[in-house]
Amino acid sequence: MQRTPNQGTGNGIWPSGAAAAAGYLVGGTVLKLLGVNAAGLFPPIPGAPGWAWVPVLVLGCTGLLFRRRNVPLMLAVTGTATGAGALLGGGIITYLLLFEVLYAGILFGSPRVSRGVQRAAVTGMVVLPVSVGLVYRGWPYLLFGLFQAVFVCLVPLWWAGSLRRQTERAERERQRAETERLKAERTAQLAELNLQVAVASERGAMARELHDAIAGHLSAIALQSGAALAAGDAALDRRVLAQVRTESVSALREMRSMIDLLQSDGPLDSREQAEAAAAAGGLGHLESLAASARLAGSPVELDLSGDVEVPVLVGSSVYRIVQESLANAVRHAPGCPVSISVRRQDKQLELRIRNALPASEGGSSAAAGNGSGLRNMKLRAAQLGGSFSAGRVAGPAPGLDAAWLVEATLPTEEADGASVFPRVLPRVPRQPQEML
């Protein structure tokens, strides 16, 4: 049941009810003892004892104890006392009790009880003057009964109704404010959760970029220096040292570019965008990856059809997938040939990397490691809406060595022909450097 702000709960006695009951009891007693409790408009019951008003007054005031905690009980008790007082001749006390019954019932009752008391007050506005007119049959009595009806019925109807509407309006505003507060709290919580998810996602992206950018250069340095130590060739040593320096400088440049990007608090200018695009790699830098792998001892054949122009993120993803695949090939199948094919078909770019596996190992070492490289490659393709697959395949004919095949298909444009990413900068040749 809906309650107004003035309405209590339970069956106890509200302090204001006790005060009202005490006030009416003292006031009624004083009026009776002073003899100023004028008789009502209706004649009393013949033979009623003079002390009968005492239990009626006590009963009416007892009901007022529950005027806010149990309105139906108050209506029953005080209403009964009011009717009994009218049978004893009425008077000021009877009218005041009736006024209080209507006032408290409208203001403190439940919506259903309040509506019922309001209808009773409206009915009393009509019944009281009509009854007086029928009993005394005179216009002066009819007007006097109408005056009493206005005081006893209309005034509490207007007064209590106005207060109830104000309190209900205030309660609705309070509930609305509480709802807005809870909504703001939920919005703040969702924003905090979104921020945590965004931070976690950004950390994951940073970890992938660091793995792809830095670990690749370090792997290339380790593999190329190992090849130089095994060969014992002075000319090769110098080439490897030059490449080691190139790898180190490239790693520092890519890390610096990433740090600048993280520290920037606004959009990047054209120079910073160019540096970021160059650090991210692209199709124009695939030949340097192939040259770096050749220097580590793995024959690499690169088939890049024409001057392929693709969006920046697509070119960067292809570059990182090739970088990771060449690093795996040099690490797990050193000296085995590698073929790389990059072709654009309609609105997608097809990448295919195949490297032979050592016959002695049967390809078992190709999948060694923690799998982070394969996960990163698959995630890069998925983020662009493409597909990725990697695994061991059988040789082209019985008796021939098996191979490790990496295939990726990346979209380059939306269905309506609009590019989904910014276009890349013109292809710029670069010295052999990156390899993961």
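Described below are features of the structure shown in this document. Here the structure is a predicted model, which means the values were calculated and not measured.

**Topic: the overall build of the protein chain**
Along the backbone of the protein chain there are 11 helices and 5 strands. The buried share of the protein chain, taken over its 436 residues, is 38%. Entry remark: accessible area of the protein chain is about 23400 Å², with carbon and sulfur atoms responsible for 62%.

**With respect to a nonpolar patch on the surface**
A cluster of nonpolar side chains, namely Leu25, Trp51, Val54 and Val58, defines an oily patch on the protein surface of about 370 Å² accessible area. Of note, Trp51 is situated in the loop between helix H1 (15-34) and helix H2 (53-64). Here Trp51 falls in the exposed class, since its relative accessible area comes to 59%.

**Observations concerning the pairing of strand E5 (residues 403-411)**
Of the pairings in the sheet, the one linking strand E3 (residues 348-356) to E5 comprises 9 bridges and is antiparallel in character. Directly across from Arg352, in E5, lies its bridge partner Glu407. With 7 bridges connecting them, strand E4 (residues 387-393) and E5 associate as antiparallel partners. By the bridge assignment, Arg392 is partnered in E5 with Trp404.

**Remarks on the nonpolar core**
Ranked by size, the top nonpolar core spans 34 residues in total, and within it Val318, Val322, Ile340 and Leu351 carry the most contacts. Ranked by the residues each element gives to this core, the list is headed by helix H10 (residues 312-332), at 8 residues. Discounting chain neighbours no more than four positions away, the residues touching Ile340 are Val300, Glu301, Leu302, Asp303, Val322, Leu326, Leu351, Arg352 and Ile353. Core analysis: the second largest hydrophobic core is formed by 26 residues, Phe99, Leu107, Leu128 and Ala149 among them.

**Description of helix H11 (residues 372-383)**
Given a rise of 1.5 Å per residue, 12 residues ought to cover 16 Å, and the 16 Å separating the end C-alpha atoms of H11 matches this to within 8%. If you check which residues of H11 are buried, you get Ser372, Gly373, Asn376, Met377, Arg380 and Ala381. One or two steps after H11, the chain reaches Gly385, where phi turns positive at roughly 80°.

Rules used throughout
- Residues numbered from 1 in each chain as written.
- Predicted model: local features only at pLDDT ≥ 70, side-chain atom pairs only at ≥ 80, totals over all residues.
- Heavy atoms only, no water.
- Helix = DSSP H or I, 4+ residues; strand = E, 2+ residues; numbered from the N terminus.
- Buried < 20%, exposed > 50% of the residue type's maximum accessible area, 1.4 Å probe, protein only.
- Areas by Shrake-Rupley, 256 points an atom, 1.4 Å probe, with all protein chains shown as cover.
- Patch = residues over 30% accessible without salt bridge, like charges linked within 9 Å, V, L, I, M, F, W, Y side chains within 5 Å.
- Salt bridge = Lys/Arg side-chain N within 4 Å of Asp/Glu carboxyl O.
- Pairing = 2+ DSSP bridges.
- Core = buried A, V, L, I, M, F, W, Y, C linked by side-chain atoms within 4.5 Å.
- Contact = heavy atoms within 4.5 Å.
- Expected span 1.5 Å × (residues − 1).

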